[in-house]
Amino acid sequence: MISFEPFRQSFDFWHRQGLNQYCRLMRDQLESAMLKPCRPHGLIISEQDTNGVKSELVYWDHDTPRRYVVYLHGGGYVLGSIDTHRELAAQIAHRAHARVLIVEYRLAPEGPYPAGLDDAEAAYQWLLDVGVTPSQIAFAGDSAGGGLALALMQRLKSAGRPLPAAAAFLSPWVDLTCSTPSLDTNTATDMVLNKAQMQSFAHVYAGDHSVSDAGVSPLFGDLSSLPPCLIQVSRQELLLDDGVRLAERLEASGTPVQISKWSQMPHVWQLLHRYLPQADEALRELGEFLKMKVKGEPS
């Protein structure tokens, strides 16, 4: 009998090589298209080496509270950077009266799971090492960054390590099996995301792990005993049901959760605060949540 296994393995290898090249090309195009805006007056940007991981601490010179946000950017685990999310981080810093630590975690295909998660953990540990208490820290992230923030909390809890005081998820991607219903039902209304592209990103990020692994898809992990969470999601985006299912499972696990659904908004519309009043409102809600849940000074 002829075995087709060598042919299948060869196909899988070249398919993955093609996906890797596609992800690198998209990243290059995004970076070449980026125009760095002028730094607003009063905004302080401090580069940090957070236990070997490049990060930036972003805050405003008129804000005195020592509230911190570890921010993990989106981009499907293959795109995005400090540059693409610095302005959003500055807005969060302003609204929450906080210092926002943007983490330049490793991206796939060069850094598949768990590289980014390791980097996020290293950055959080750096804050603890310099004397910031967990009660002064929140995690936040958009899209893939939201999934990474959730996975990090699950890892910390499993290891018996201190959790942050709160977490905020903007259009979170927490199910990389891409089985959430709205990935199909909202195809016509989401002008940003594409299911086939998301499936490709998911497999590139997962690497040798299953996309259903709880570290990769934290929706399937332990959601009990986590800090209060805020979820913001658009009713028209592909990831609507990722946010809804996350809220339902957090609530069922006894974790305090607040979900905010917005109409006629694109994926991670908070990035468009210059143009959309709804983005400004969402950031205001986020800021109030963080000020309420996270201490501004050590106890």
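Residues numbered from 1 in each chain as written. Predicted model: local features only at pLDDT ≥ 70, side-chain atom pairs only at ≥ 80, totals over all residues. Heavy atoms only, no water.

Enquirer: I keep staring at the sheet that holds strand E2 (residues 53-60) and nothing clicks. Help me out?
Expert: Backbone hydrogen bonds hold the strands of a sheet together, and the pairing may be parallel or antiparallel. Spatial strand order, E1-E2-E4-E3-E5-E6-E7-E8: eight strands in an open sheet with mixed pairing. Bordering the open sheet on either side are strand E1 (43-50) and strand E8 (257-262), each of which pairs with just one other strand. The average undirected angle you get between the axes of adjacent strands in this sheet is 20°. Each of E1, E2, strand E3 (68-72), strand E4 (99-103) and strand E5 (137-142) is contacted by helix H2 (residues 82-96), which is oriented at about 35° to E2, the strand it contacts most. (Pairing = 2+ DSSP bridges. Helix = DSSP H or I, 4+ residues; strand = E, 2+ residues; numbered from the N terminus. Axes fitted to C-alpha atoms, helices over the stretch in contact; angles between N-to-C directions. Contact = heavy atoms within 4.5 Å.)

Enquirer: Which parts of the structure should I look at to understand the side chain of Gln 232?
Expert: Its place among the elements puts Gln 232 in strand E7 (residues 229-234). At a separation of 2.7 Å, a polar atom in the side chain of Gln 232 contacts the side chain of Glu 285. Once you skip the residues sitting within four places of it in the chain, Gln 232 turns out to touch Phe 169, Leu 170, Ser 171, Pro 172, Ser 260, Trp 262, Trp 269, Gln 270, Ala 282, Glu 285 and Leu 286. (Polar contact = N/O pair within 3.5 Å; in protein donor to acceptor, adjacent residues only side chain to side chain.)

Enquirer: I keep staring at the environment of Gly 141 and nothing clicks. Help me out?
Expert: Positionally, Gly 141 belongs in strand E5. A relative accessible area of 0% means that Gly 141 is categorised as buried. Considering only alpha carbons, one finds Gly 141 and Ser 171, 30 residues apart in sequence, at a separation of 8.7 Å. (Buried < 20%, exposed > 50% of the residue type's maximum accessible area, 1.4 Å probe, protein only.)

Enquirer: What's the story with the pairing of E8 in this structure? I'm lost.
Expert: Successive residues of a regular strand alternate their side chains across the two faces of the sheet. Bridging between E7 and E8 involves six bridges; their strand directions are parallel. Counterpart to Cys 229 in the pairing with E8 is Val 257. In the classification by handedness, the crossover that spans E7, the intervening helix H7 (residues 240-252) and the parallel E8 is right-handed. (Right-handed = clockwise from strand over helix to strand, strands pointing away.)

Enquirer: What should I look at first to understand the packing of aromatic side chains in this one?
Expert: Each pair of aromatic rings is reported with the distance of its centres and the angle of its planes. For the structure shown, the criterion picks out five aromatic pairs. Ring centres of Trp 262 and Trp 269 lie 5.8 Å apart, and the angle between their planes is 50°; this geometry places the pair in the tilted category. As far as the burial class goes, Trp 262 and Trp 269 line up, both buried. Between Arg 99 and the ring centre of Tyr 59, over which it is positioned, the NZ or CZ distance is 3.9 Å. (Phe/Tyr/Trp six-rings, centres within 6.5 Å; stacked < 30°, edge-to-face > 60°. Lys NZ or Arg CZ within 6 Å of the ring centre and 35° of its normal.)

Enquirer: Looking at this structure, I do not really get the packing of helix H3 (residues 115-129) against helix H4 (residues 144-158). What am I missing?
Expert: Axis angle and axis distance: for two packed helices, these are the angle between their axes and the distance between the axes, and together they describe the pair. Here H3 crosses H4 at 70°, and the two axes come no closer than 10 Å. With respect to their mutual orientation, H3 and H4 come out roughly perpendicular. Helix-helix and strand crossings are classified by hand; for H3 and H4 the assignment is right-handed. Packed against H3, whose contacting residues are Gly 116, Leu 117, Asp 118, Ala 120, Glu 121 and Tyr 124, the element H4 presents Leu 148, Ala 151, Leu 152, Arg 155 and Leu 156 at the interface. Counted by class, the contact of H3 with H4 contains seven nonpolar, one polar and three charged residues. (Parallel < 35°, antiparallel > 145°, perpendicular 65-115°, else oblique. Left-handed = near helix turned anticlockwise from the far one by under 90°. Nonpolar A, V, L, I, M, F, W, Y, C, P; charged D, E, K, R; others polar.)

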